[in-house]
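Residue-level structure breakdown
In case you want the letters, here they are:
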Amino acid sequence: MNVVPNNIRLVFISSASYLAALGGWGGADNTCQALADSVSLGGAWKAWISDSNTSVASRFYKSPVPYKTVSGNTIANNWTDLTDGTLASPINVNESGGSSGNASVWTNTTTNGSIYYPFSGNTCSNWTQPNPFQSAEYGLSSQTNGNWTSSANGTCAPLRALYCFEQISYPSSPQNLSATAASGQATLNWQAPSPDGG
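Keep in mind it's a predicted model, so treat the numbers as computed, not measured. (Residues numbered from 1 in each chain as written. Predicted model: local features only at pLDDT ≥ 70, side-chain atom pairs only at ≥ 80, totals over all residues. Heavy atoms only, no water.)

When helices and strands are counted, the protein shows four helices and ten strands. Secondary structure elements of the protein occur, N-terminal to C-terminal, as β-α-β-α-β-β-α-β-α-β-β-β-β-β. Looking at the protein as a whole, 44% of its 198 residues qualify as buried. Taking contacts inside the protein between residues at least 6 apart in sequence as the whole, the part at least 24 apart equals 63%. Entry remark: accessible area of the protein is about 9,000 Å², with carbon and sulfur atoms responsible for 51%. (Helix = DSSP H or I, 4+ residues; strand = E, 2+ residues; numbered from the N terminus. Buried < 20%, exposed > 50% of the residue type's maximum accessible area, 1.4 Å probe, protein only. Contact = heavy atoms within 4.5 Å. Areas by Shrake-Rupley, 256 points an atom, 1.4 Å probe, with all protein chains shown as cover.)

Through backbone hydrogen bonds, the strands of a sheet pair up, either in parallel or in antiparallel fashion. Overall, mixed pairing links the five strands, which are arranged β2-β8-β1-β3-β4 in an open sheet. Of all strands in the sheet, those with a lone pairing partner are β2 (44-47) and β4 (74-76), marking the two edges. Between one strand and the next, the sheet's axes are offset by a mean angle of 35°, whatever the strand orientation. Relative to strand β8 (residues 163-167), strand β1 (residues 9-13) runs antiparallel, the two sharing three bridges. Its bridge partner being in β8, F12 is matched across the sheet by C164. (Pairing = 2+ DSSP bridges. Axes fitted to C-alpha atoms, helices over the stretch in contact; angles between N-to-C directions.)

Turning our attention to the side chain of N126. Structurally, N126 can be placed in helix α4 (residues 124-127). If sequence neighbours within four positions are ignored, N126 has contacts with G24, D51, S52, N53 and S120.

Attention now goes to the sheet that holds strand β7 (residues 152-155). Spatial ordering of the open sheet is given by β5-β6-β7, a layout of three strands whose pairing is antiparallel. Single-partner strands in this sheet number two, and they are β5 (104-106) and β7. Recorded for the sheet is a direction-independent mean angle of 55° between the axes of neighbouring strands. Sheet analysis places β5 next to strand β6 (residues 135-140), joined by three bridges and oriented antiparallel. Its bridge partner being in β6, W106 is matched across the sheet by Y138.

This brings us to the state of the cysteines. Here the structure, examined in full by the defined rule, presents two disulfides. In this model C32 forms its disulfide with C164; the gap between the sulfur atoms is 2.0 Å. Disulfide C32 to C164: torsion about the S-S bond roughly -75°, handedness left-handed. Placement of the pair is C32 in helix α1 (residues 24-38) and C164 in strand β8, with a sequence separation of 132 residues. The buried category is assigned to C32, whose relative accessible area is 0%. Overall, the relative accessible area of 0% leaves C164 in the buried class. (Disulfide = S-S within 2.5 Å.)

This is the structure we're talking about:
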């Protein structure tokens, strides 16, 4: 597993593109986690995607440290900077460090992390249906203005990518805790938790 410094949060665009039937935002999160795990990035990951009820801002860790691509480009200095309407660099590097070019990305999210359309018909039935008669807001990975997350409203039929953001990871609980009493004292033994929360 790669060791990621605690003073940054990594960001990538998915190397693959997906139909809108993502399994809701939870399924999109799982996809980002699987991609991060596939290249041993470690940590916990979520997709920059909102449905008609739940926003990115309501479920993301709001990082006080910089967001960077896996290649080291600074995207934003912190959550406030990330959500001020412009990025320092485009999110166009995938989990393996490759370039995405100008990919379209499922989002339904405004620049400040709130819901773009609060209607399931404008979120591909809350990311469960690739219905060509429904639509959703998408972003463009080459952009650093507001178009990075809300470029246009398009049909739910095409394949589009996901933006994936590293979240804060909490250590897991100690495992196999046991106590042995002897001579008025107790000896504790345990297996240390994983430092990345895994």
